[in-house]
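Structural features, examined
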Amino acid sequence: MANIVTSLLLVLLIRITPVHGRKPLQENNELPASSSIAAADTGICKIMVEKNGYTCEEHKVTTEDGYILSLQRMPKARSGKAANKPPVFLQHGLFVDGIIWLYNNPEESLGYILADNGYDVWIANSRGSRYSKGHTSLAPDETAYWDWSWDQLLSYDLPASVGYVFKHTGQKMHYVGHSLGTLIGLGAFSENQLLNMLRSAALLSPIAHLNHITSPPSKVAGDLFMADKAYWLGIRKIVPNEAIASKLLKKICKALKPRDCSNMLDLFTGPNCCINGSRLELIATYEPQASSTKNLIHLSQNIRTGKITKYNYGHREENIQHYGQPNPPPYDMANIPKEFPLFFGYGGTDMLADVTDVQILLSELKDHDRNKLVQVFIKDYAHGDFVMAVNAHKLVYDPLMSFIAAN
């Protein structure tokens, strides 16, 4: 049991002292306890947006399968000027929530930058994250609450949230996703979902094909069926536990020798070049968020097979019951409409959205209208840099804004 938990926690341990001259993170006992954080929380608007001088609205949307999700809206610039451009929908990745778009100062964070440039900003929070734990009939401590993978994020969370913004504003929007937010977006587009409500999609650190992943903890966990084993043992959700993490750190480092594990964030995502150490402290306070074990199993299946398919139940009969066929259906990227505008931002040191996998994805889009597909490659960027780097506003967000403005 300990070995299984250790392997799963590899992807959760980001509160370790960073290297490359970054400011060390606080020790465990210097951070507020999770219970005190929760007591002070009144929502992302209060704890992140309004304190920086921006107007912010809290919204709730209920999915077709009963999950109650939070959305934050930034309808004005910091100057108070109302948005006069279309909505932009921001979708986060795995083990984080919508705060990821707001971590840096207003001049460096995409959420604030978009608002200050006249866009109506909407920030999504997937099921199971801190502000999206509600359900019409289930509680987060019930097993059934965590019976989902990224299939359900794609087929329920996105339609509910994007549909809510579309209905509320009466306008088509631009979609911006990071990491898992790109996978669920691409999957939806390949099935002709959401497209009638979208103007374009910007995909940062795009993950789709995953079998060239070089992140040691992710690769090991995927290849050794660690999430599957945890599921068989009755573990239905993965919740970071700092006390356990600190005790297991030495064991994890020993298992990964001769690799340097003095910085677990970089070990997981790749060597992020440009993240401010003080921002990592803030991340340590609010992240990571919980996810379902089934979600990690699904991602592990993607890692092992290199294919983008729906969840494989592991038995012919179960797959037939769910899909009407013995094997899970694929998400065919070639089905994405050729005229739908796409922006890809990816990095040369990213261990999760590996360059080879991104190129495979782009090869599947070879027939896409070249005038509707923009690529921004940054050689020294890793996975986290695309949402947290202090220079992302110049290297990523400036071309992204130009792309949005053109569509």
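1. Points about the state of the cysteines
Scanning the model with the defined rule gives two disulfides in all. What pairs with Cys45 in a disulfide is Cys56, and their sulfur atoms sit 2.0 Å apart. With the S-S dihedral at roughly -65 degrees, the linkage between Cys45 and Cys56 falls on the left-handed side. Separated by 11 residues along the polypeptide, Cys45 in helix H3 (residues 44-49) and Cys56 in the loop between H3 and strand S1 (57-62) bring together distant segments of the chain.

2. Considering the side chain of Ser291
Relative to the helices and strands, Ser291 resides in strand S9 (residues 291-292). A polar contact of 3.1 Å, which involves the side chain of Ser291, links it to the side chain of Asn295. Filtering out sequence-adjacent residues up to four positions away, Ser291 remains in contact with Leu94, Phe95, Trp146, Trp148, Lys237 and Ile238.

3. Concerning the environment of Ile275
Relative to the helices and strands, Ile275 is located in the loop between helix H10 (264-269) and helix H11 (277-286). A C-alpha to C-alpha distance of 9.6 Å links Ile275 and Phe386, two positions 111 residues apart in sequence.

4. Brief notes about the confidence of the model for the protein chain
Should the pLDDT be low somewhere, the predicted coordinates at that spot are not to be read in detail. Taken residue by residue, the protein chain gives an average pLDDT of 84. The fraction at 70 or more is 76%. A low-confidence stretch, residues 1-40 stays under pLDDT 50, and its non-local contacts, those more than four residues away or across chains, total 85 contacts. Across residues 242-250 the pLDDT falls below 50, and counting only partners more than four positions away or on other chains, this stretch makes 12 contacts in the model.

5. A closer look at helix H12 (residues 293-305)
Over its 13 residues, H12 runs 18 Å from end to end, which matches the ideal 18 Å to within 8%, given 1.5 Å per residue. Within H12, 11 of the 13 residues are buried, which leaves it mostly tucked inside the rest of the structure. All of the buried residues along H12 are Thr293, Lys294, Asn295, Leu296, Ile297, His298, Leu299, Ser300, Gln301, Asn302 and Ile303. Where H12 terminates, the next one or two residues include Gly306, which has phi positive at roughly 75 degrees.

6. Considering the pattern of salt bridges
Taken as a whole and judged by the stated rule, the model has eight salt bridges. Among the ionic pairs, Glu191 bridges to Lys310, the shortest N-O distance being 3.0 Å. Placement of Glu191 in the loop between helix H6 (180-190) and strand S7 (198-204) and of Lys310 in the loop between H12 and helix H13 (316-323) is noted, with a sequence separation of 119 residues between them. The exposure class assigned to Glu191 is partly exposed, which follows from its relative accessible area of 32%. Salt bridges linked by common partners bring Glu57, Arg73 and Asp120 together as one network.

7. Some words on the nonpolar core
Formed by 58 residues in total, the largest nonpolar core has its most connected members in Phe89, Trp150, Tyr175, Phe189 and Phe344. If one sorts the elements of this core by residue count, helix H5 (residues 150-169) sits on top with seven residues. Dropping the residues within four chain positions of it, Trp150 is found in contact with Leu180, Leu183, Ile184, Asn295, His298, Leu299, Asn302, Ile308, Thr309 and Tyr331. Ile99, Trp101, Cys274 and Ile275 belong to the second largest nonpolar core, which has 45 residues in total.

8. So, unusual backbone geometry
The backbone of Ser179 sits at a positive phi, close to 55 degrees, despite the residue not being glycine. Mapped onto the elements, Ser179 comes out in the loop between strand S6 (173-178) and H6. One non-glycine residue, Leu194, adopts positive backbone phi at about 75 degrees. Here Leu194 shows up in the loop between H6 and S7. Assessed through its relative accessible area of 5%, Leu194 is described here as buried.

9. Notes on the packing of H5 against H6
Look at H5 against H6: their axes get within 9 Å of each other, and the N-to-C directions meet at 70 degrees. In terms of axis orientation, H5 runs roughly perpendicular to H6. The two elements H5 and H6 cross, and the hand of that crossing is right-handed. For the pair H5 and H6, contact is made by Trp150, Leu153, Leu154 and Leu158 and by Leu180, Leu183, Ile184, Gly185, Gly187 and Ala188, respectively. Of the residues belonging to the contact of H5 with H6, the class tally is eight nonpolar, two polar and no charged.

10. Things to note about the packing of aromatic side chains
Using the criterion set out here, one finds 14 aromatic pairs in the structure. Ring geometry for Phe343 against Phe403: centres 5.5 Å apart, planes inclined by 50 degrees, an arrangement best described as tilted. In this pair, Phe343 is assigned in strand S10 (residues 342-347) and Phe403 in helix H16 (residues 392-405), connecting sequence segments 60 residues apart. Accessibility assignment for this pair places Phe343 and Phe403 in one class, buried. Within the aromatic cluster, the residues linked to one another by ring pairs are Tyr67, Tyr145, Trp146 and Trp148. Its guanidinium or amino end placed over the ring of Tyr67, Arg127 lies 3.8 Å from that ring's centre, counting from NZ or CZ. In this structure, Lys294 is placed above the aromatic ring of Tyr311, and the distance from its NZ or CZ to the ring centre is 4.9 Å.

11. With respect to the environment of His298
With respect to the helices, strands and loops of the structure, His298 is situated in helix H12. Expressed as a C-alpha distance, the spacing of His298 and Ile308, which sit 10 residues apart in the sequence, is 9.8 Å. Not counting the four nearest positions on each side in its chain, His298 is found in contact with Ser149, Trp150, Asp151, Thr309, Lys310 and Tyr311.

How each quantity is defined
- Residues numbered from 1 in each chain as written.
- Predicted model: local features only at pLDDT ≥ 70, side-chain atom pairs only at ≥ 80, totals over all residues.
- Heavy atoms only, no water.
- Disulfide = S-S within 2.5 Å.
- Helix = DSSP H or I, 4+ residues; strand = E, 2+ residues; numbered from the N terminus.
- Polar contact = N/O pair within 3.5 Å; in protein donor to acceptor, adjacent residues only side chain to side chain.
- Contact = heavy atoms within 4.5 Å.
- pLDDT = per-residue confidence, 0-100.
- Expected span 1.5 Å × (residues − 1).
- Buried < 20%, exposed > 50% of the residue type's maximum accessible area, 1.4 Å probe, protein only.
- Salt bridge = Lys/Arg side-chain N within 4 Å of Asp/Glu carboxyl O.
- Core = buried A, V, L, I, M, F, W, Y, C linked by side-chain atoms within 4.5 Å.
- Axes fitted to C-alpha atoms, helices over the stretch in contact; angles between N-to-C directions.
- Parallel < 35°, antiparallel > 145°, perpendicular 65-115°, else oblique.
- Left-handed = near helix turned anticlockwise from the far one by under 90°.
- Nonpolar A, V, L, I, M, F, W, Y, C, P; charged D, E, K, R; others polar.
- Phe/Tyr/Trp six-rings, centres within 6.5 Å; stacked < 30°, edge-to-face > 60°.
- Lys NZ or Arg CZ within 6 Å of the ring centre and 35° of its normal.

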